[in-house]
Amino acid sequence: MSAANARRVEPSVEVPISVTVNGETVETTVAARQLLADFLREELRLTGTHVGCEQGICGACTINLDGEPVRSCIMLAAQVDGSSIITVEGLSAQGLGPLQQAFKDNHGLQCGFCTPGFLMTLSTVDPDEYPGTAGIREAISGNLCRCTGYGGIIRAVRTAWDRPDHG
Amino acid sequence: MADSFALGDRPVYVGSHVTRSQDDALLTGAGTYVGDLRRDGMAEIAVVRSTVAHGRITAIRTDAAAAVDGVIEVITAADLTDVSPYPNFASAYTQTPDTFPLARHKVRYVGSPVAVVLAEDRYIAEDAAELVEVDYEELPAVTSLEEALEPDSPRLFEHWPNNRLLDLQPDDSEVAAILADNRVFRRRYKMGRHTAMPMEARAALAERRDGRLHLWCTNQHAHIARTTLSYVLPVAERDIRVVIPHVGGGFGLKQHLYPEDVLVSWLALRHGRAVRFVEDRAEHMIAAAHARDHMMDIEAAITDDGRILAMRVQVVQDLGSAEIFPGAWCPALTTAAHMTGPYDIRDCVVATAAVTTNKTPGGSYRGFGVPEAVFAVERFIDELAAEVGVDRIDLRRSMLLQTSDLPYTTASGALLDSGSFAESLEKVVDLGEQAYRRAEAEHGTDPDSRVGVGYAVLFEGVSPTHHGASAHWAGHESCSIEVQPDGSVRVTSGVTDQGQGTTTFVATMTADALGVPIETVHVELADSDATPYGLGAFGSRQAVVGGGALLMAASEVRTKIKSIAAHMLEAPEEDLVIEAGRVHVAGSPTPAATIAEIATTAVIRTIDLPPGVDPGLEATARYEPELMEHVPDARGRINPCASYANAAHAAVIRVDMGTGEIEILDYLLAHDCGRVINPPIVDGQIWGGIAQGLGGTLYEDLCFNDLGQPQTAFMDYLVPSAMEMPDLVIEHFESPSPNTPLGIKGVGEGGTVGPAAAIGNALAHALAEFDPQIRETPLSPAVVRAMIPD
């Protein structure tokens, strides 16, 4: 109990962090309670990371944290000290990368709000671990889309992963 | 249709896959949704919401909250002395709820806004909101439509005679006489409580700039939002600007001008700083519009072979507290208007009630009353076929409207001018029976499975009067086209884009109608300072009505282009064609005048204009479909829509006998929305619509307990993921409407309206041996399992 109390940090306390975001090192202090999504959006103004539910369910806020897809809405900014983050803004050095282009060509997005989360999840996935169309469905099963019914998204991933219609 | 709705001379874009101009931004994180906007000195709000479903507010203590560092102000309804209640334009036939941005005296649902904390940021605002104490004298809660109908039910609005906001009981004596003389079949159906659940919740940012109110919000109508703000706030409409940037899905839910839109506006004007509201998902579950929650009672006079001679129907919609603007009783009226389905049933009388309960206010949601009607009618026909012992498809065939019956006016007054009702049904029956045989072959011997196929055939009103969306009696849309001296084209319109592809259809149709490359067309929507007054997005209307206005404006510009070109080329106007931004005599590409040369002449070299031609190369047009009606006739009949799309759905399912889970093996659809502008976008609308329809049929349900406490968190509200969504087979029919521009019908809602009926019928087929009663949604595993004897 006393040990726990000793480690307790007031929510408003500022915590220093050093984090690499889209290849650039950011050294700053953050409020101990600030969510990672809010840090990215409000402090770094990387507003491509969208907050859809603040509960870790919808997947819109997914980012690439040290190679893993992570919900930035249920993680604190203070926790990413020493990590490397890629957001949708860092997905392609210029213009659209192949996955993004496939989304555009296959009408894989409508309102676009969930799209960065899908892109970030897919950018961390090894296609070989998700074979066939069933694999694609599984790979994106942690991201919700309310517009497309997933048809265009699945076609886009098939295109990007050079995968035939059925298999 | 008049020539003014024609496309240009050489259309190349309409009917093809034009990719969307906004996608590059959306795919790189450069979209600008309201929540992405910040302003210097911006403050944020958190809303204190009612924790009880029904109660009188006896005290609100805000001192502790106001004392928190970083809190600017805490307000309650008492502070809003210069704010007016939302109006009720339908008071001639409805009761008026007390719709005000913050609860006055009473709360009527959990989630009702009671106080607002304005603070330096949302974290501080939420801290302080927890310190606001509200005392309630709790009242008994009304939590279902059945309870609300009870004569001695507690009343939400004490000055009303009952809880019926809407209560239309038309003269049913003619139908009653037919019922008295014939065999009668009766059933009751209910559809559960859903919500649109756009992935972006609501958001608003208000700012006082140059003495005017600027509001960036997620609303589906820039101009109607502006007009509504002028009713509620003490601000002239000329001093209000509403801008709708990228929106993360609307689906009807964002049609309403919510309390928070008004509150940030009021606070921004009061404090002279930008004020932002970004709704979180927990709030969204209880404070953004709910929908469906309908009950349909059908009585039909039938022949011995099951044909329906006449119907008497009672539709009841659960409105929740009804404290929302615009009010949302119109889905019930839409349900009523679709109760005959696409069948030749001459006598149908529908009584319609919309009742208030202590739940989140009901509002608009994709489908808007039609899924309810289709579920009831199509389940009724399957049950009727079983009752009289005829084949369910044959029974449909015996009543279905044939192409030769068109135009046909339904019993409720809808003018079906075109369609493919019989053809679409035959197509899905053909595909559905094949798929069913495959399913039988694969699972037929598995004792733990049952397979079934179900069908639904339907029509769906599209491009309706705005009455259902705003309570205004209007149905027009606007478009303004301006060709700049360099030949580039600026198009503005009152239509709006929540992701459905509006911007793209505007660019596509403009490019074809003017004969210019699509890259030269710039589309600007949803800024009330920059676009002509329009009614915005609702009812699958924008391509029909916005498209009509666009074609009218383009026709005027095209005529002028040709008269100037004729002068420049010394050729008769009627010999000229416009293509790829050049005007030349048909069949001889040179000499040609470019659009840039013509526009330059029209705008900054008027010295070269032919005699009698006015300067400028621009036009603004408004289009209101001629046949659309806004008010019923003396018998209650109305043709409320510009057009009617149609579809037939087939679902082949496998039921897991152990768990009750429904697995969709095949979902097949024949759809007819008239002429198609952009095939992938049309398919995308259908896929998305089906996903929402399946969600409501199988998974999604907003539950309340007896105290009116919401029981469904976001985690429990099972929006389908890619794992649940089946592959679709979509067959397109194109029956252009003779009464709409280019024969276009709307497509935005078509997919949503069929799944409940098709799945319900498939389940009845699969479990026929147990005679299941499938009369409600959702058909969750627990519900289905209970239909199977142990």
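Values in this document were obtained by computation on a predicted structure and should not be read as measured data.

1. Some details on the overall build of chain B
Per the secondary structure count, chain B includes 19 helices and 28 strands. Relative to the 2.2 N^0.38 estimate, which gives 28 Å for 790 residues, the radius of gyration of chain B is 27 Å and therefore close to what a compact globule would have. With respect to the three principal axes, the spread of C-alpha positions in chain B is 85 × 70 × 50 Å. Here chain B, with 790 residues, has 59% of them falling under the buried criterion. Considering only intrachain contacts with a sequence separation of at least 6, the fraction spanning at least 24 residues in chain B is 80%.

2. Side note on the overall build of chain A
Looking only at helices and strands, chain A features six helices and five strands. Look at the contacts in chain A between residues 6 or more apart in sequence, and 56% of them connect residues 24 or more apart.

3. Observations concerning the domain arrangement of chain B
Residue and element names in this part refer to chain B. The domains assigned to chain B are domain 1 (3-31 + 476-623), domain 2 (34-139 + 201-247 + 253-287) and domain 3 (291-467 + 629-785). One C-alpha centre belongs to domain 2, the other to domain 3; they are set 36 Å apart. Taken together, the contacts link 22 residues of domain 2 with 24 residues of domain 3. A total of four residues in the side of domain 2 that touches domain 3 trace back to one element, the largest contributor, which is helix H8 (residues 281-287). A class-by-class count of the residues in the side of domain 2 that touches domain 3 yields 11 nonpolar, eight polar and three charged.

4. Details of the sheet that holds strand S4 (residues 106-107) of chain B
For sheets, the rule is that strands pair by backbone hydrogen bonds, running either parallel or antiparallel. Residue and element names in this part refer to chain B. Taken together, the three strands give an open sheet; going across it, the order is S4-S2-S6, and neighbouring strands pair in antiparallel fashion. Strands at the two margins of the open sheet, each flanked by one partner only, are S4 and strand S6 (133-138). Bridging between strand S2 (residues 55-61) and S6 involves six bridges; their strand directions are antiparallel. In the strand pairing of S6, Arg 61 is matched with Glu 133.

5. So, the domain arrangement of chain A
Residue and element names in this part refer to chain A. Each domain of chain A was delimited in the assignment, giving domain 1 (13-90) and domain 2 (98-160). Just the C-alpha atoms count here: the centres of domain 1 and domain 2 sit 22 Å apart. Each partner contributes residues to the interface: domain 1 has 15 residues there, and domain 2 has 12 residues. Mapped onto the side of domain 1 that touches domain 2, the elements with two or more residues apiece are strand S3 (62-65) and strand S4 (68-71). Of the residues forming the side of domain 1 that touches domain 2, the biggest block, three residues, is contributed by S3. A per-class count over the side of domain 1 that touches domain 2 returns six nonpolar, eight polar and one charged.

6. Describing unusual backbone geometry
All names here are of chain B. Omega for the peptide link from Leu 406 to Pro 407 comes to -5 degrees, which places this bond in the cis form. Here Arg 292, not a glycine, exhibits a phi torsion of approximately 60 degrees, which is positive. Given 28 C-beta atoms within 10 Å, Arg 292 falls into the buried group. In this structure, Ser 540 is a non-glycine residue whose phi angle is positive, near 50 degrees. As for its placement among the helices and strands, Ser 540 is situated in the loop between strand S21 (521-525) and helix H15 (542-569). What makes Ser 540 buried here is the crowd of 28 C-beta atoms within 10 Å.

7. Remarks on the pairing of strand S22 (residues 576-579) of chain B
All names here are of chain B. Alternating residues of S22 divide into Leu 576 and Ile 578, all buried, and Val 577 and Glu 579, none buried. For S22 and strand S23 (residues 582-585), the ladder comprises four bridges, and the chain directions are antiparallel. By the bridge assignment, Val 577 is partnered in S23 with His 584. In sequence, S22 turns back onto S23 through a hairpin of two residues, with Ala 580 there showing a positive phi of about 50 degrees.

8. With respect to the interface of chain B and chain A
Between chain B and chain A, the residue contacts involve 39 residues of the former and 41 residues of the latter. Every element with two or more residues in the side of chain B that touches chain A is listed here: helix H1 (23-27) and helix H17 (679-699) of chain B. The element that contributes the greatest number of residues to the side of chain B that touches chain A is H17 of chain B, accounting for seven residues. For the side of chain B that touches chain A, a count of residues per class yields 20 nonpolar, 13 polar and six charged.

9. Concerning the sheet that holds strand S25 (residues 618-623) of chain B
All names here are of chain B. The strand order across the open sheet built from four strands is S21-S20-S19-S25, with neighbouring strands paired in mixed fashion. Lying at the two open borders of the sheet, with one neighbouring strand each, are S21 and S25. With direction set aside, neighbouring strand axes in the sheet form an average angle of 15 degrees. The pairing of strand S19 (residues 477-483) with S25 spans six bridges and is antiparallel. In the sheet register, Glu 477 faces S25, and the bridge partner there is Tyr 623. In the packing of helix H14 (residues 502-514) onto the sheet, contacts are made with S19, strand S20 (489-493) and S21, and the angle to S21 comes to roughly 140 degrees. Contacts from H15 reach S19, S20 and S25 within the one sheet, and its direction differs from that of S25 by about 145 degrees.

10. With respect to H17 of chain B
A turn of α-helix holds 3.6 residues, and therefore any two residues three or four places apart point the same way. For H17 of chain B, which comprises 21 residues, the first-to-last C-alpha distance of 29 Å matches the rise-based estimate of 30 Å (1.5 Å per residue) to within 8%. The element H17 of chain B is extensively covered by neighbouring structure, given that 19 of its 21 residues are classed as buried.

What counts as what
- Residues numbered from 1 in each chain as written.
- Chains lettered and ligands numbered in written order.
- Predicted model: local features only at pLDDT ≥ 70, side-chain atom pairs only at ≥ 80, totals over all residues.
- Helix = DSSP H or I, 4+ residues; strand = E, 2+ residues; numbered from the N terminus.
- Rg over C-alpha atoms; globule rule 2.2 N^0.38 Å.
- Buried ≥ 20, exposed ≤ 12 C-beta atoms within 10 Å, placed from the backbone.
- Contact = placed C-beta atoms within 7 Å.
- Domains from an automatic or database assignment.
- Nonpolar A, V, L, I, M, F, W, Y, C, P; charged D, E, K, R; others polar.
- Pairing = 2+ DSSP bridges.
- Axes fitted to C-alpha atoms, helices over the stretch in contact; angles between N-to-C directions.
- Expected span 1.5 Å × (residues − 1).

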